[in-house]
Amino acid sequence: MKRDLEMLKLDGLVELRNEINQLIQNYKDGYFYICEIRSYGRNWKDNNIYNVKSLQDLCYEYNGDDGIVDVYSNNPNLSSLYNYGDVMFVPTKEDLAKWKDYRYLKNSIPRVEEDLDAWENRDNVPFNQRLHFAPTYSREEVENMKKQLEDFDMSFVAPVRVNRVYDDEE
């Protein structure tokens, strides 16, 4: 009987702990946190982080051994965050989206041109070094990409790397 009472108390404490953990997880501190996680070849985003405590827990989980977390946030007070990946300050989610689109376009053009050049020159290289498949882009599409890059709305604010200070460095 006494043992059953102790188990009820323990079950109640576990339930209380779970409720408290859920409250902490869902607490919103007013900032956004966009986390891009890379782990064992998988990449995904976690947009369900609402406070620094939950963010730090995620960064501890993927601390370089099991993965890397890149953090984009409008919280200016992340200098003491312990994280193996990047921590970037960006004012708005829209700025981040525009910056990512711009960076993708800017980095894609040289890579696509290189692939097209290699494909067009495939007859001049040894057979075992030739490309097996034609590029998915055409020269016309590359020119359209260049035009998009020229006309890109540069009104966004690019993310800025947060200089982190760890306890042992203070």
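Structure: see above.
All figures in this text were calculated on a predicted structure; none of them were measured in a lab. (Residues numbered from 1 in each chain as written. Predicted model: local features only at pLDDT ≥ 70, side-chain atom pairs only at ≥ 80, totals over all residues. Heavy atoms only, no water.)

(A) The arrangement of helix H3 (residues 93-120) in detail. Over its 28 residues, H3 extends 40 Å from the first C-alpha to the last, a length consistent with the 40 Å expected when each residue adds 1.5 Å. Approximately 30° is the largest bend angle found in H3, and it occurs at Ser108, with the proline Pro110 only one to four residues beyond. When we look at burial in H3, the residues that qualify are Asp95, Leu96, Trp99, Tyr102, Leu105, Ser108, Ile109, Val112 and Leu116. Buried residues in H3 make contact with strand S1 (33-39), strand S3 (68-73) and helix H4 (139-150). (Helix = DSSP H or I, 4+ residues; strand = E, 2+ residues; numbered from the N terminus. Expected span 1.5 Å × (residues − 1). Bend = angle between axes of the 7 residues up to and from the residue. Buried < 20%, exposed > 50% of the residue type's maximum accessible area, 1.4 Å probe, protein only. Contact = heavy atoms within 4.5 Å.)

(B) Quick look at the pattern of salt bridges. By the definition in use, this model includes 10 salt bridges. Asp57 is the partner of Lys53 in a salt bridge, and the nearest nitrogen-oxygen pair spans 2.9 Å. In this pair, Lys53 and Asp57 are both assigned in helix H2 (residues 52-61), four residues apart and thus about one turn of the helix distant. Judged by relative accessible area, Lys53 falls into the partly exposed class, the value being 46%. (Salt bridge = Lys/Arg side-chain N within 4 Å of Asp/Glu carboxyl O.)

(C) Highlighting the nonpolar core. Ranked by internal contacts, the top residues of the largest apolar core, which has 16 residues, are Tyr72 and Leu96. When residues in this core are grouped by element, the largest group, seven residues, is from H3. Here Leu96 is in contact with Ile34, Tyr72, Val90 and Pro159, once residues within four sequence places are set aside. Membership of the second largest hydrophobic core comes to 14 residues, among which are Tyr33, Ile49, Leu81 and Val87. (Core = buried A, V, L, I, M, F, W, Y, C linked by side-chain atoms within 4.5 Å.)

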